[in-house]
Amino acid sequence: MTEARILSALVEGVSELGDVLRGAAEVIAQREGQTLARWQLLSAVSSEKKTVSDLAREFGHRRQSVQRITDVLVRDQLVVYRDNPNHERSPLVGLTAQGKRLLGRLIKRQREFHRVLSRKTTKPKLAALRRGVDELREIVTGIDWKKARPKK
């Protein structure tokens, strides 16, 4: 098998793994009455307040879709809009006390999921997988895709 075919199979496997892990995260979120998108937003504003536009850029989504989720979280009193000293019309989004408690429960459930998964393998195998993923990410992010041209 050529390097290109191995890489293609690896990329497909990583993509499938991502889908499976997102599905598991959705189940974890549902157990707390949330969705993965809401959980991701709560997590994103847990360490620092951000604007909806900041969050949209971070997630790679349209501002309107992030705005819709944020508005639902505000309605549910999990996040709050705060004045932004740098921009009058772009408030900052921050967690409420209730949002912090919910995020804590989600993280606790996620850690338990990780403990269950980690019992299925060994620490050296996990470390090797991590190194491989890190190496592949470095290779991919090191390529200037605008300048790269496939060979004919």
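A few points on the structure.

Cut-off values and rules
Once a new chain begins, its residue numbering starts again from 1 and follows that chain's sequence as written. Note on the predicted model: pLDDT of at least 70 is required for a residue's local features to be given, and 80 or more for side-chain atom pairs to be given and counted; whole-chain, interface and lining totals, by contrast, use all residues. No hydrogens and no water enter the side-chain calculation; it runs on all heavy atoms of the structure. Going along the chain from the N terminus, every DSSP run of H or I of four or more residues is numbered as a helix, and every run of E of two or more is numbered as a strand. In this treatment the radius of gyration is a C-alpha quantity, and the globule benchmark scales as 2.2 Å times the residue count to the 0.38 power. Only protein chains enter the accessibility calculation, which uses a 1.4 Å probe. A residue is then buried if its area is under 20% of the maximum for its type, exposed if over 50%, and partly exposed in between. For two strands to be treated as a pair, DSSP must find no fewer than two bridges joining them. Pairs of residues are marked as contacts when any of their non-hydrogen atoms sit within 4.5 Å. Fitted lines through C-alpha atoms serve as axes, helices being fitted only where they are in contact, and the angles separating the N-to-C directions of these axes extend from 0 to 180 degrees. Multiplying 1.5 Å by the residue count of a helix minus one yields the expected span of that helix. Pairs of N or O atoms within 3.5 Å make up the polar contacts considered here, provided that, within protein, one atom can donate a hydrogen while the other can accept it, and that residues adjacent in sequence are counted only when both atoms are side-chain atoms.

It is worth spelling out the overall build of the protein chain at this point. Per the secondary structure count, the protein chain includes six helices and three strands. Traced from its N-terminal end to its C-terminal end, the protein chain shows the element sequence α-α-β-α-α-β-β-α-α. Here the C-alpha radius of gyration of the protein chain, 19 Å, is well above what a compact globule of 152 residues would show, namely 15 Å. C-alpha extents for the protein chain along the principal axes are approximately 55 × 45 × 20 Å. When burial is assessed residue by residue, the protein chain has 24% of its 152 residues classed as buried.

The residue Gln77 is not glycine, and still its phi comes out positive at about 60 degrees. Along the chain, Gln77 turns up in the loop between helix H4 (63–75) and strand S2 (79–82).

Let's shift gears to the pairing of strand S3 (residues 92–95). Side chains Leu92 and Gly94 project from S3 onto one buried face, and the interleaved Val93 and Leu95 project onto a second face that is buried too. Pairing geometry for strand S1 (residues 50–51) and S3, over two bridges, is antiparallel. Each bridged residue has a counterpart across the sheet, and for Lys50 the counterpart in S3 is Val93. With four bridges joining them, S2 and S3 adopt antiparallel strand pairing. Counterpart to Val80 in the pairing with S3 is Gly94.

Quick look at the sheet that holds S2 now. Strand order in the open sheet formed by three strands is S1-S3-S2, and the pairing between neighbours is antiparallel. Single-partner strands in this sheet number two, and they are S1 and S2. Across the face of the sheet, H4 comes into contact with S2 and S3 while running at roughly 110 degrees to S2.

Side chains of residues three or four places apart in an α-helix project in the same direction, reflecting 3.6 residues per turn. Look at helix H6 (residues 123–141): 27 Å from first C-alpha to last across 19 residues, which is about the 27 Å you get at 1.5 Å a residue. Between a side-chain oxygen at the N-terminus of H6 and the backbone nitrogen of Lys125 the separation is 3.2 Å; the capping residue is Thr122.

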